[in-house]
Amino acid sequence: MSKNPEFVKFDKVDKSYDGKVLVVKDLQLDIAEGEFITMLGPSGSGKTTCLMMLAGFETPTNGEILLDGNIISNIPPHKRGIGMVFQNYALFPHMTVYENLAFPLRVRKIEKDEIDKKVDKALSMVSLNGFESRMPGQLSGGQQQRVAVARALVFDPAVVLMDEPLGALDKNLRESMQYEIKHIHESIGVTVVYVTHDQSEALTMSNRIAVFNDGKVQQLSSPAELYEKPVNSFVAEFIGENNTFNGEVSDISGDECKVKLSNAEILSNAISVKSKGEKTTVSLRPERALIEPAEKMDNMFSGKIEEVIYHGDHTRVRVNLLGNPEFILKVPNSTSNLELKVSQEIKIGWNSYDARALDPK
Amino acid sequence: MSSETKQILTTDGIPLEVSLKKAEKKNKIKAFLLVAPLLLFLFITYVFPIGEMFTRSVDDKMITNMLPKTFKAMEKWDGKELPPEEVFDGFYSDYKVLIENQTQGKLGQRLNKEKNGFNSITKKLMRQIKRNKIDESQSIKQQIMKIHKRWRDVEYWQAIKRTAPPYTMAKYLKGMDMYLAADGSIAQVDEDRRIHRILWLRTLEIALFVTIFCFLMGYPIAHLLATLPMKYSNLLMICVLLPFWTSLLVRTASWMILLQQQGVVNDFFVMIGLVADDSRPEMMYNKVGTYVAMTQILLPFMVLPLYSVMKTISPSLMRAGKSLGGTPFIAFWKVYFPLTIPGIGAGCLLVFILAIGYYITPALVGGASGTLISNQIAYHMKTTLDWSFASAMGLMLLSGVLVIYWIYNKLVGVDNIKLG
């Protein structure tokens, strides 16, 4: 059975609530069968609206949503067969765990024996056997979360939607739940559409990430590509940490370009600049800049250390470099760099390939 | 047991419990002093009047105090034949005292309630005594018996004896259309005179239906209030509360204007051709008027508890129900409705209990077929001045409410009530 690369398809979808502002603009998004895709973006970027349209609680103002080739815009939520995990779990507080899980099966008129089997299977998937007769109120946050996941999966939906399901959990629990959800996804191969504003969550769990901003998908790619090769300033800024220089393209040849800053010129990788004289923002990941590099690099400048913050596994060094007082360096902890002191002058170097000249901020 | 319970000591060597009690004592006293005014107020305005009502409803000391010697003498009388000489002597001397104090009229009235015909024969006896026609050296029994043949009737003496105990259940029995028969058994009053039982049933019936109507109308309103966006829900809330803030009398009066035969509602019916002009339906001074006005007036008491419960139900629960495959109806019935039960319980209990004791509205728009037991209580308080009977019925009403509360507690559990 070959996987359908357009299992879920948003086709030119627009959404507006008040007829004045478009919350989602011309959304074009294909989700493959069995994929774990994350919609990532700041609040108000339209990601939850997309999820709600897919679930059927909102209707697109324009365009169509297709599920396995069928237009579903006019199908009510209860006939779509899409499982959903809600932000606050939305477990039915007056039903036991068993009844919560049996609810989607009972409304489908499945026989009692079959229901027992499926509920049992779903509970063992989230390792909550023996909790059948508990009420949701008697469970901890993480357990409630797992019940919610089990409930969304128990009726074997084709697609499962998760709307910031881990937002209410504490950090450690959130991380272990991330792995747990990822493993469940891998073992049953269901298509998951996941919404979050937490980038590390998105990077950990997804096959592909769609970064939303201002109602539009800014970039849709794998976590590694998203981090290594952001296509515009917003993505570079939003995913991970980022050092920026604002300047003007002074020379361009192929992939390489020279960017003129107020007091220097740096060599950069030309991503979204085309011609001389264009304004640009150069983005550089903190870990790509080295202190006192041993071999020669494309860009070599010296700056003054403003601040040194010890982080355990690494040290963050803030340097005033080329007029940017917020230039951050991440130095892995080893015996060699314990010498770093505030107001010390150091040399910093990076390769032109890692400095991406993007659209101006 | 492996571990012994050891007394834990503080660092100063005082047992922990003692030390804790000492530390909390001050707070406890403070807390008590804070509630003390309320407790006092409750006692004066609630416990004491109810106690007073109860004693008044069973109190029958008046005759006991008026005829002390009579009842003393009657203790030895078996009540089957005419009482012996001593009883007549006692009665005569008691009665003479009453005449001197000019309270003999009350005795006549009271005895007349026990048995018809007492009023005239006591008056006759009074006149004889006043004219000094009774010779105290002769047999008093013979002289009294000569005054009127009823004095020779054993039933009248039995009636006096029945009034001897200082406490009586008669008022409660009367409230249920029953009375203590001559032989001391409980009997039903004649069928055509059983008005109270009809009133009790009607009160329950009207309270029940008003509760049902309030529920049917209040539930959607409360749901809308809880789900609408703030700016609309505030407006709707004001619409719900505005009547609540209007005087009860004003609202009832406006219903009278609306519902009367030449009123707005009837005019409207005639206009749209629902009824003919010469056969306008009677919508006031009957049950219809009571139903309509009471439902409208009690509606906020249903809406507000429901609203406060619905407000706490996350809209994502309904969404979850739907996304899991439940039709909107199933999602409502299996998920939303069960969660509103605490509010339904609170609202229904509130409306029912208020409706059971409702007074002004039925009095004004109820007419003869729409009045309730409370109107009867008011009637006895103001018109017949039979306060003990009014007290008895008031207490019966109160115990009815307590019974309903108890049943509710058994069925739903009072802990499930949510008023906000």
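Residues numbered from 1 in each chain as written. Chains lettered and ligands numbered in written order. Predicted model: local features only at pLDDT ≥ 70, side-chain atom pairs only at ≥ 80, totals over all residues.

Turning our attention to the sheet that holds strand 6 (residues 82–85) of chain A. Residue and element names in this part refer to chain A. Strand order across the open sheet formed by 6 strands is 6-7-8-3-9-10, with mixed pairing between neighbours. Edge positions in the sheet fall to strand 6 and strand 10 (216–221), since each of these pairs with one other strand and no more. Each strand of the sheet is rotated relative to its neighbour by a mean of 20 degrees, with strand direction disregarded. The pairing of strand 9 (residues 208–213) with strand 10 spans 5 bridges and is antiparallel. (Pairing = 2+ DSSP bridges. Helix = DSSP H or I, 4+ residues; strand = E, 2+ residues; numbered from the N terminus. Axes fitted to C-alpha atoms, helices over the stretch in contact; angles between N-to-C directions.)

Residue and element names in this part refer to chain A. Assigned domains of chain A: these are domain 1 (8–233) and domain 2 (241–358). Each of domain 1 and domain 2 has a C-alpha centre, and the two are 39 Å apart. Of the residues lining the interface, 4 residues belong to domain 1; the matching set on domain 2 comes to 6 residues. Broken down by class, the residue content of the side of domain 1 that touches domain 2 amounts to 2 nonpolar, 2 polar and no charged. (Domains from an automatic or database assignment. Contact = placed C-beta atoms within 7 Å. Nonpolar A, V, L, I, M, F, W, Y, C, P; charged D, E, K, R; others polar.)

Turning our attention to the packing of helix 4 (residues 141–153) of chain A against helix 5 (residues 171–188) of chain A. Residue and element names in this part refer to chain A. Viewed as axis vectors pointing N to C, helix 4 and helix 5 meet at an angle of 20 degrees, and their least axial separation amounts to 11 Å. Viewed along their axes, helix 4 and helix 5 adopt a mutual orientation that is roughly parallel. For helix 4 against helix 5, the interelement crossing comes out right-handed. Judged by residue contacts, Gly-142, Gln-145 and Val-149 of helix 4 engage Leu-173, Met-177, Ile-181 and Ile-184 from helix 5. For the contact of helix 4 with helix 5, the residue count by class is 5 nonpolar, 2 polar and no charged. (Parallel < 35°, antiparallel > 145°, perpendicular 65-115°, else oblique. Left-handed = near helix turned anticlockwise from the far one by under 90°.)

So, on to the interface of chain B and chain A. Tallying the contact residues gives 15 residues for chain B and 18 residues for chain A. Of all the secondary-structure elements, those providing two or more residues to the side of chain B that touches chain A are helix 15 (315–323) and helix 16 (328–356) of chain B. A breakdown of the residues in the side of chain B that touches chain A according to their chemical character gives 7 nonpolar, 6 polar and 2 charged.

Here the focus is the sheet that holds strand 15 (residues 290–291) of chain A. Residue and element names in this part refer to chain A. With respect to topology, 5 strands assemble into an open sheet ordered 15-19-16-17-18, the strand pairing being antiparallel. The sheet is open, and its two edges are formed by strand 15 and strand 18 (324–332), each paired on a single side. Here 2 bridges tie strand 15 to strand 19 (residues 345–350), and the two strands are oriented antiparallel to one another. Its bridge partner lying in strand 19, Ile-291 is registered against Ile-348.

Our next topic: the confidence of the model for chain B. Taken over all residues, the pLDDT of chain B has a mean of 85, while the share at 70 or more is 96%. Note on the complex model: pTM 0.77, ipTM 0.79. (pLDDT = per-residue confidence, 0-100.)

Residues and elements named next belong to chain B. Contact geometry of helix 15 with helix 16 gives a least axis separation of 9 Å together with a crossing angle of 130 degrees. Considering their axes alone, helix 15 and helix 16 lie oblique with respect to each other. Note on packing geometry: the crossing formed by helix 15 with helix 16 is right-handed. Residue-level inspection shows Leu-317, Met-318, Gly-321 and Lys-322 of helix 15 in contact with helix 16, the latter providing Pro-328, Ala-331, Lys-334, Val-335 and Tyr-336. Of the residues that constitute the contact of helix 15 with helix 16, the class distribution is 6 nonpolar, 1 polar and 2 charged.

All names here are of chain A. In terms of burial, strand 9 is largely enclosed, as 5 of its 6 residues are buried. Pairing of strand 3 (residues 36–40) with strand 9 involves 4 bridges; the strand directions are parallel. From the neighbouring strand, Thr-38 faces strand 9, where its bridge partner is Ile-209. Turn length for the strand 9-strand 10 hairpin, with the two strands adjacent in sequence and antiparallel, is 2 residues, and the turn residue Asp-214 shows positive phi of about 55 degrees. (Buried ≥ 20, exposed ≤ 12 C-beta atoms within 10 Å, placed from the backbone.)

Our next topic: unusual backbone geometry. With phi around 45 degrees, A:Asp26 is a residue other than glycine that occupies positive phi space. Here A:Asp26 lies in strand 2 (residues 22–31).

Turning our attention to the environment of B:Tyr359. Residues and elements named next belong to chain B. As for its placement among the helices and strands, Tyr-359 is situated in the loop between helix 16 and helix 17 (360–365). On the basis of neighbour count, Tyr-359 is assigned to the partly exposed category, with 16 C-beta atoms found within 10 Å. Sequence-distant contacts of Tyr-359, defined by excluding residues within four places in its chain, comprise Ser-374, Asn-375 and Ala-378.

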